[in-house]
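# What the coordinates show
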Amino acid sequence: MKEQIHGGDIYRHPQVLDFSSNINPLGTPESVIDAAAESLKRIANYPDIAYTELKRALAAYEQQPESFLICGNGAAELIFSLVLALRPARAVVPAPTFAEYRQALKAAGCQIITCPMEQLRLGENIFSFLTKDTDLLFLCNPNNPTGFLMEPDLLNRIVNHCRKQNIFLVVDECFLDFVEEGERYSLKPLIGENHGLFLLKAFTKRYAMAGIRLGYGICSNEKLLQDMGGVTQPWNVSIPAQAAGVAALKEKDYVNRAKKIVREERAFLKEEMRRLGLTVYDSLANYIFFQGPEDLYERCLKEGILIRDCGNYPGLGKGYFRTAVKMHSENLQLIAALERVL
């Protein structure tokens, strides 16, 4: 049985209010559900192995050539196929950050060098880890689980340093969708000129589509994208996932509404959680990173609330937690539960 290292484990904890996974608080758009359901009439056929319609819609949405795009069975699959295609001998991963990077590198037999963050933020010490024998660097912006954005100047210097040292750079931008003016922090403008840069994105959080598994990458290194396809099973993006993705990309008002709700509710939750004596960090994503009693996860679970215990993140320990930003009525339930258990 696979180890559960993420949030969202509602199957072991039925009938809870799930604050442990960070998806769009508005829920899945009806148009996406309808498109996926309608596509089931075609499931006697194999999926389009080139996901032609989805790639065309993505190219228009991201304003990138279709040849720069690759889709996968969630962003997680792309992390694994990227590592398998590159076959790095030595990779640098900050701590704390998303667990899948380490998992993929470990599966490929890669040496993993951990760069500890300075006060939970990536700092100048990263450059001492990016030596000439480094093959790959994973970054997450904003970072998971802290929600901190990287300083643009530092990120740009890292990009330039990696290019000079021939270090392949992967930047996970999955949570930029919920950051105010998130496009200002994206490295997408550098993609065309930098063949050593890969941006990771997903439908999971933006459109509340975690269960259908659809992610994508943007990279101008077309040979690498071909190599990734060569180490991935065929027909990895199902017919319902492709149909749902095409429908989702049309939901612009939905995304804008979600950003507004997240901004307002994030501020509300931070204020209330600080009032309750919790140490709350300045997350800019659709989740809140905080410190509390070491057994807070268990206390909340007894109240029917599932939060994310971050104690299994490298670089963190017991007492660190993350909670999603949801609709106001649900956030009120979280605060009420915290008041009872604290």
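You'll find the structure just up there.
Here goes a summary of the coordinates provided. Numbering of residues starts from 1 in every chain and runs along the sequence as written. Owing to the predicted nature of the model, reporting of local features is limited to residues with pLDDT of at least 70; listing and counting of side-chain atom pairs is limited to 80 or more, with chain, interface and lining totals taken over all residues. Water and hydrogen atoms were dropped before computing side-chain values, which therefore reflect all heavy atoms in the structure.

We now examine the overall build of the protein chain. Under the scheme used here, helices are H or I runs from DSSP no shorter than 4 residues and strands are E runs no shorter than 2 residues, and both carry numbers assigned from the N terminus. Secondary structure summary: the protein chain contains eleven helices and 13 strands in total. Taken against the 2.2 N^0.38 rule, which gives 20 Å for 342 residues, the C-alpha radius of gyration of the protein chain at 20 Å falls within 12% of a compact globule. Projecting the C-alpha coordinates of the protein chain onto the three principal axes gives extents of approximately 55 × 55 × 40 Å. Per-residue accessibility, obtained with a 1.4 Å probe over protein chains only, is compared with the maximum for each type, and a residue is labelled buried under 20%, exposed over 50%, and partly exposed between these values. For the protein chain, buried positions account for 55% of its 342 residues. Note on contacts: a residue pair is in contact if any heavy atoms of the two residues lie within 4.5 Å. For the protein chain, long-range pairs separated by at least 24 residues make up 73% of all intrachain contacts whose partners lie at least 6 apart in sequence. Each accessible area value is a Shrake-Rupley result obtained with a 1.4 Å probe; residue values ignore everything except the protein chains displayed when judging cover. Accessible surface computed for the protein chain: about 15300 Å², of which carbon and sulfur atoms make up 50%. Positive charges come from Lys and Arg, negative ones from Asp and Glu, while His and the chain ends are left out of the count. Note on charges: their place is set at NZ of Lys, CZ of Arg, CG of Asp or CD of Glu. The averaged location of the 41 negative side-chain charges in the protein chain is 2 Å from the averaged location of its 39 positive side-chain charges. The size measure is the radius of gyration over C-alpha atoms, and the globule rule it meets is 2.2 Å times the number of residues to the 0.38 power.

All right, on to the pairing of strand S13 (residues 320–324) then. Most of S13 is tucked away: five of the five residues are buried. Here strand S10 (residues 287–291) runs beside S13; their pairing, made up of five bridges, is antiparallel. Bridge assignment links Phe 289 to a residue of S13, and that residue is Arg 322. Note on pairing: two strands pair once DSSP finds at least 2 bridges between them. Bridge analysis of strand S12 (residues 308–309) against S13 gives two bridges, and the strand direction is antiparallel. Opposite Arg 308, over in S13, you have Arg 322 as the bridge partner.

Here we come to helix H6 (residues 152–165). Over its 14 residues, H6 runs 20 Å from end to end, which matches the ideal 20 Å to within 8%, given 1.5 Å per residue. Considering only its buried residues, H6 is in contact with helix H5 (126–129), strand S5 (136–140) and strand S6 (168–172). Looking one or two residues past H6, Asn 166 carries a phi angle of roughly 60 degrees, positive in sign. Multiply 1.5 Å by the residue count of a helix minus one, and that product is the helix's expected span.

Right, let's get into the packing of helix H3 (residues 75–86) against helix H7 (residues 222–230). As a rule, the C-alpha atoms of each element are fitted with a line to give its axis, helices using only the stretch in contact, and angles between N-to-C directions run from 0 to 180 degrees. Two numbers describe how H3 lies on H7: the axes approach to 8 Å, and their chain directions differ by 110 degrees. Considering the angle they form, H3 stands roughly perpendicular to H7. For the pair H3 and H7, contact is made by Leu 78, Ser 81, Leu 82, Ala 85 and Leu 86 and by Leu 224, Asp 227 and Met 228, respectively. Throughout, the ten residues Ala, Val, Leu, Ile, Met, Phe, Trp, Tyr, Cys and Pro are labelled nonpolar, Asp, Glu, Lys and Arg are labelled charged, and all others, Gly among them, are labelled polar. Residue composition of the contact of H3 with H7, grouped by class: six nonpolar, one polar and one charged. Every angle not falling under 35 degrees, over 145, or within 65 to 115 is termed oblique; those three ranges are roughly parallel, roughly antiparallel and roughly perpendicular.

If you trace the four strands from one edge of the open sheet to the other, you get S9-S10-S13-S12, paired in antiparallel fashion. Either end of the sheet is taken by a strand with one partner, and the two such strands are strand S9 (279–280) and S12.

It is worth spelling out the pattern of salt bridges at this point. Criterion for a salt bridge: a side-chain nitrogen of Lys or Arg within 4 Å of a carboxyl oxygen of Asp or Glu. Tallied over the full model, the rule gives 19 salt bridges. Among the ionic pairs, Lys 41 bridges to Glu 38, the shortest N-O distance being 3.2 Å. The exposure class of Glu 38 is partly exposed, given its relative accessible area of 43%. Three or more residues joined by partner-sharing salt bridges are found here, namely Glu 62, Lys 188 and Lys 201.

Here we take up the packing of helix H9 (residues 252–275) against helix H11 (residues 328–341). At a minimum axis distance of 11 Å, the contact between H9 and H11 shows a crossing angle of 10 degrees. Judged on the interaxial angle alone, H11 and H9 are roughly parallel. In this structure, H9 contributes Glu 265, Phe 268, Leu 269, Glu 272, Met 273 and Arg 275 to the contact, and H11 contributes His 328, Asn 331, Leu 332, Leu 334, Ile 335, Leu 338 and Glu 339. Taken together, the residues that form the contact of H9 with H11 break down as seven nonpolar, two polar and four charged.

What follows is about the layout of surface pockets. Roughly 480 Å³ of volume is contained in the second largest pocket. A cavity here means a set of points on a 1 Å grid, drawn over the protein atoms and nothing else, where a 1.4 Å probe fits but cannot get out; a pocket is an open set with protein on both sides within 12 Å along at least five of seven lines, and a residue lines either one if it has an atom within 4 Å of a point. Forming the walls of the second largest pocket are 22 residues, and the residues nearest its centre are Tyr 61, Glu 62, Asp 177, Lys 188 and Lys 201. For the lining of the second largest pocket, the residue count by class is nine nonpolar, three polar and ten charged. Grid points are joined across faces, edges and corners, and a volume is the space filled by probe spheres set on the points.

The nonpolar core is taken to be a set of buried Ala, Val, Leu, Ile, Met, Phe, Trp, Tyr and Cys residues, with the residues joined through side-chain atoms within 4.5 Å. In terms of nonpolar packing, the biggest core is built from 77 residues, with Leu 54, Leu 137, Ile 158, Phe 198 and Phe 203 touching the most fellow members. Sorting elements by how many residues they give to this core places H3 first, with six residues. If we skip the residues at most four places from it in the chain, Leu 137 touches Val 92, Ile 126, Leu 130, Ile 158, Cys 162, Ile 167, Phe 168, Leu 169 and Val 170. Phe 290, Tyr 297, Cys 300 and Val 325 belong to the second largest nonpolar core, which has 22 residues in total.

This brings us to the sheet that holds strand S3 (residues 90–95). With respect to topology, seven strands assemble into an open sheet ordered S2-S8-S7-S6-S5-S3-S4, the strand pairing being mixed. What marks the edges here is a single partner per strand, and that holds for strand S2 (69–72) and strand S4 (111–116). Each neighbouring strand pair of the sheet contributes to a mean axis angle of 25 degrees, computed without reference to strand direction. Pairing between S6 and strand S7 (residues 197–202): four bridges, direction parallel. Across the sheet, the residue bridging to Val 170 is Phe 198, located in S7. Against the sheet, helix H2 (residues 52–62) engages S2, S7 and strand S8 (215–218), with an angle of about 125 degrees to S2. Of the strands in this sheet, S2, S5, S6, S7 and S8 touch H3, which is tilted by about 160 degrees from S7.

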